[in-house]
Amino acid sequence: MRNSEKFIIRKQTSHRRTWGRVVILTALWLFVAFVIIVNFSFIFHLYSDSLVSFYLLMNLDYQLYGIVLGVIVTVSLIIWGYAAWRLRQLRGKQKHESA
């Protein structure tokens, strides 16, 4: 078997789809950063009319912080577990095919 037959062929994503993902993820991270800034502003007693409006709009409290943190940790662990499982599965296929 030649070396070229061992390569994994992956489908290339289009530039439009890639940029769409970049825009969506950037918007989500900007929103997360904005929520964190608003919350820290209130924790450190830095108030302004617009921050109060945004804070009331989001209606955040300390119990919600715990829930959001729990969701983030849970999703991170699920993603980590799936990635580890998938990598192990792919490495097993590679060892099986090379033998």
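Structure's up top.
Residues numbered from 1 in each chain as written. Predicted model: local features only at pLDDT ≥ 70, side-chain atom pairs only at ≥ 80, totals over all residues. Heavy atoms only, no water.

Peer 1: Teacher, can you tell me more about a positive patch on the surface here?
Peer 2: A surface patch of positive charge is lined by Lys 11, Arg 16, Arg 17 and Arg 21. Within the secondary structure, Lys 11 sits in the segment before α1 (15-43). (Patch = residues over 30% accessible without salt bridge, like charges linked within 9 Å, V, L, I, M, F, W, Y side chains within 5 Å. Areas by Shrake-Rupley, 256 points an atom, 1.4 Å probe, with all protein chains shown as cover. Salt bridge = Lys/Arg side-chain N within 4 Å of Asp/Glu carboxyl O. Lys, Arg positive; Asp, Glu negative; His and termini not counted. Charge placed at Lys NZ, Arg CZ, Asp CG, Glu CD. Helix = DSSP H or I, 4+ residues; strand = E, 2+ residues; numbered from the N terminus.)

Peer 1: Mind showing me how you'd approach the packing of aromatic side chains here?
Peer 2: Counting across every chain of the model gives 2 aromatic pairs. Centroid distance Phe 40 to Phe 44: 6.1 Å. Interplanar angle 15°. Geometry classified as stacked. For Phe 40, a relative accessible area of 44% translates into the label partly exposed. Take Phe 44: its relative accessible area is 55%, and that puts it in the exposed class. (Phe/Tyr/Trp six-rings, centres within 6.5 Å; stacked < 30°, edge-to-face > 60°. Buried < 20%, exposed > 50% of the residue type's maximum accessible area, 1.4 Å probe, protein only.)

Peer 1: Help me out: how do you make sense of α1 in this one?
Peer 2: The α-helix advances 3.6 residues per turn, and as a result positions three or four apart in sequence lie on the same side. In this model α1 runs 42 Å from its N-terminal to its C-terminal C-alpha over 29 residues, within 8% of the 42 Å that 1.5 Å per residue would give. Immediately beyond the C-terminal end of α1, within one or two residues, lies His 45, with a positive phi of roughly 60°. (Expected span 1.5 Å × (residues − 1).)

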